[in-house]
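Each chain, letter by letter, is given below.
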Amino acid sequence: MKWTKNSWRNYQIKQQPIYKDQTRLNQIIAKLEKLPPLVFAGEVDMLKKDLAKVSEKKAFLLQGGDCAESFVNFGADNIRDMFKVMLQMAIVLTFAGSCPIVKVGRVAGQFAKPRSSDFEEQNGLKLPSYRGDIINGFEFDENLREPDPQRMLEAYYQSATTLNLLRAFSKGGLADLRVVHKWNLGFLKKAELDKKYEELSEKITQALAFMQACGIIDSPNLSQTAFYTSHEALLLPYEEALTRVDSLSGKIYDCSAHMLWIGERTRNPNEAHVYFLSGIQNPIGVKISSKFDIDEIKKLSFMLNPSNDLGRLNFIIRMGHDEIEKSLPKLFKELKKEGLNILYSIDPMHANTVKSGNFKTREFDKIMKELCSFFEIAISEGVYPGGVHLEMTGQNVTECVGGSLNVTQEELFKRYETQCDPRLNADQALELAFLIADLLKKARLN
Ligand code: PEP
Ligand code: CO
């Protein structure tokens, strides 16, 4: 059967909403199909080239952002602060690794969420689970929890304006290395961390001044950066509507984001998500937990990357601090035998989630432990630890415990703002970047 953007509809599919009004759904899809693409094929190819460099051990991937973007928390300050933290983290990593950092946000489209249960029950009332703002509402309310296709349009327009601002920040001066001091968010609570970042900024500023004095810098890389977007390709009617044929190459791209990933729950190679993503040109991520079946992983590797291209396939490991040592060596060994070009990164968030009272949280130390194990195992198996995938925000939230601010379990209520999983706050993210920097330095010397 020939792949078309809607042929995934012939396959079994998981984690989809049930829309009551199919006519309305089809109208919205038809409307989305006419709207401009959010990204351009040439940019997607650029990301693929950048990720190929990661696979060649010449760069490192930093992917991060919200667990779920939301309509109510949408605003310029949130986007700006997330962008600044990513820049800060990237500069810390560039310095340590002496290599370019490929920056990919979980942003401008990260709306749809897989859920462990289709329904949620409160005080005897049973409603559909919240599946992300692109599908239904967060509040436990009968009307709001009903999946509404109109939300796809709102998500599209929010993504478009988010991307517009990110492009402006990337090219318009905020990402200029000469303003590295200004990326600091000004609420770093731990003076030590603040000092560390200031010292690094100072070194960069001095190096730039020196090179300028010698007349040896004149590169656009100084004043601008590339910032790519990504999200989980979960809601396939939306992805289908934004899938377009590139007029230059005749190839097919999902123009909702530069990179798409498939979640742990929807990566069955016989089902719709893998099949849909096999037909588009974008770089593809696949989440892999400790419960993987090696034959399934091999099968999806061949389906998603039949010509074994560099920069196409990114396996995002999320096994948990207590499982990774047991499970990851086997995965590396088996896939190495196949000679597959795979970029491996680590998501130390999703398998380290615990409950603290009514809050879902994650401990900074456990996140760090899984990160360390990933680097150690990769090095001992002769694999390049190519990147990190984080849930984080530029805001001073209290969702993960531990780290610089030393957020305690008792403090979680203070600024618990996520609509889904707990994110690292700006301090925790920057602190983690300094710790990853040490790991990256060692890995690159190896
Ligand atoms: C996510 O990245 O938000 C997510 C749901 O991850 P996973 O599929 O790994 O659980
Ligand atoms: Co999440």
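Rules and cut-offs
Residues numbered from 1 in each chain as written. Chains lettered and ligands numbered in written order. Predicted model: local features only at pLDDT ≥ 70, side-chain atom pairs only at ≥ 80, totals over all residues. Heavy atoms only, no water. UniProt positions renumbered as here; feature names shortened; annotations may be inferred. Donors = N, O, S within 2.8 Å, 3.2 Å for Na, K, Ca; no water. Tetrahedral: all angles 85-135°; square planar, octahedral: opposite > 155°, others 65-115°. Helix = DSSP H or I, 4+ residues; strand = E, 2+ residues; numbered from the N terminus. Phe/Tyr/Trp six-rings, centres within 6.5 Å; stacked < 30°, edge-to-face > 60°. Buried < 20%, exposed > 50% of the residue type's maximum accessible area, 1.4 Å probe, protein only. Lys NZ or Arg CZ within 6 Å of the ring centre and 35° of its normal. Near = heavy atom within 4 Å. Polar contact = N/O pair within 3.5 Å; in protein donor to acceptor, adjacent residues only side chain to side chain. Areas by Shrake-Rupley, 256 points an atom, 1.4 Å probe, with all protein chains shown as cover. Nonpolar A, V, L, I, M, F, W, Y, C, P; charged D, E, K, R; others polar. 1 Å grid on protein atoms, 1.4 Å probe; cavity = no way out; pocket = protein on both sides within 12 Å on 5 of 7 lines; lining within 4 Å. Points joined across faces, edges and corners; volume = space filled by probe spheres on them. Pairing = 2+ DSSP bridges. Axes fitted to C-alpha atoms, helices over the stretch in contact; angles between N-to-C directions. Contact = heavy atoms within 4.5 Å.

- As recorded in an unreviewed UniProt entry, the chain goes by Phospho-2-dehydro-3-deoxyheptonate aldolase and comes from Campylobacter volucris.
- Taken verbatim from the UniProt record of the chain, the Catalytic activity (unreviewed entry) comment is "D-erythrose 4-phosphate + phosphoenolpyruvate + H2O = 7-phospho-2-dehydro-3-deoxy-D-arabino-heptonate + phosphate".
- In its Sequence similarities (unreviewed entry) section, UniProt records this for the chain: "Belongs to the class-II DAHP synthase family."

1. Overview of the coordination of the cobalt ion (ligand 2)
Now for step 1: Around the cobalt ion (ligand 2), the protein contributes the donor atoms C67 (SG), H350 (NE2), E391 (OE) and D421 (OD), which lie 2.1 to 2.4 Å from the metal centre.
Now for step 2: Taken together, the four donor atoms coordinating the cobalt ion (ligand 2) span angles of 81 to 171° at the metal, a pattern that classifies the geometry as irregular.
Now for step 3: Mapped onto the sequence, the donors of the cobalt ion (ligand 2) take the spacing C-x282-H-x40-E-x29-D. Linking H350 in the loop between β11 (343-346) and β12 (353-356) with E391 in strand β14 (residues 385-391), this pair joins segments that are 41 residues apart in sequence.

2. Digging into the packing of aromatic side chains
Now for step 1: Enumeration over the complete set of coordinates arrives at twelve aromatic pairs.
Now for step 2: Judged by centre distance (4.6 Å) and plane angle (45°), the ring pair of F359 and Y416 falls under tilted. Note that F359 is positioned in strand β13 (residues 359-362) and Y416 in the loop between β14 and α11 (426-445), a separation of 57 residues in sequence.
Now for step 3: In this structure F359 comes out as partly exposed when scored by relative accessible area, which is 24%.
Now for step 4: Pairwise contacts between aromatic rings join F60, F374 and F375 into one cluster.
Now for step 5: Residue placement shows K126 over the ring face of F119; its charged tip is 4.9 Å from the ring centre.

3. A word on the site of ligand 1
Now for step 1: Lining the immediate environment of ligand 1, one finds R106, K113, P114, E232, W261, G263, E264, R265, K287, R318, H350 and E391.
Now for step 2: Between ligand 1 and E264 there is a distance of 2.9 Å, counted from an oxygen atom to a backbone nitrogen or oxygen.
Now for step 3: Interatomic distance of 3.1 Å between a side-chain N/O atom of H350 and an oxygen atom of ligand 1.
Now for step 4: Within the complex, the protein chains bury 98% of what would otherwise be the 300 Å² of accessible surface of ligand 1.
Now for step 5: Tallied by class, the residues present in the shell around ligand 1 amount to two nonpolar, two polar and eight charged.

4. Comments concerning the environment of S404
Now for step 1: Within the secondary structure layout, S404 lies in the loop between β14 and α11.
Now for step 2: Its relative accessible area of 11% is what places S404 among the buried residues.
Now for step 3: Here the alpha-carbon distance between S404 and L51, two residues 353 residues apart in the chain, equals 31 Å.

5. Concerning unusual backbone geometry
Now for step 1: Of note in the backbone geometry, K57 takes a positive phi value of approximately 65° without being a glycine.
Now for step 2: Residue position: K57 is located in the loop between α2 (41-55) and β1 (60-65).
Now for step 3: Owing to a relative accessible area of 48%, K57 belongs among the partly exposed residues under this scheme.
Now for step 4: The phi torsion at A108 lies on the positive side, around 60°, for a residue other than glycine.
Now for step 5: Within the fold, A108 resides in the loop between β2 (101-106) and β3 (119-122).

6. Some details on empty space enclosed by the protein
Now for step 1: This structure, assessed with the given rule, holds one cavity of 30 Å³ or more.
Now for step 2: Looking at the largest cavity, its volume works out to about 30 Å³.
Now for step 3: Of all elements in the fold, only β5 (227-232) and α6 (236-241) reach the threshold of two or more residues within the lining of the largest cavity.
Now for step 4: Among the residues forming the lining of the largest cavity, the class breakdown is four nonpolar, two polar and two charged.

7. Considering the sheet that holds β11
Now for step 1: Around the barrel, which closes on itself, the eight strands sit in the order β1-β2-β5-β8-β9-β10-β11-β14 with parallel pairing between neighbours. Recorded for the sheet is a direction-independent mean angle of 25° between the axes of neighbouring strands.
Now for step 2: By the bridge criterion, three bridges tie strand β8 (residues 259-262) to strand β9 (residues 284-288) in an arrangement that is parallel. Bridging from a neighbouring strand, L260 pairs with I284 of β9.
Now for step 3: Strand contacts of α2: β1, β2, β5, β8, β11 and β14, with the helix running at about 125° to β2, the strand carrying the most contacts.
Now for step 4: Sitting on the sheet, helix α8 (residues 294-304) touches β8, β9 and β10 (313-317), and the angle it makes with β10 is about 150°.

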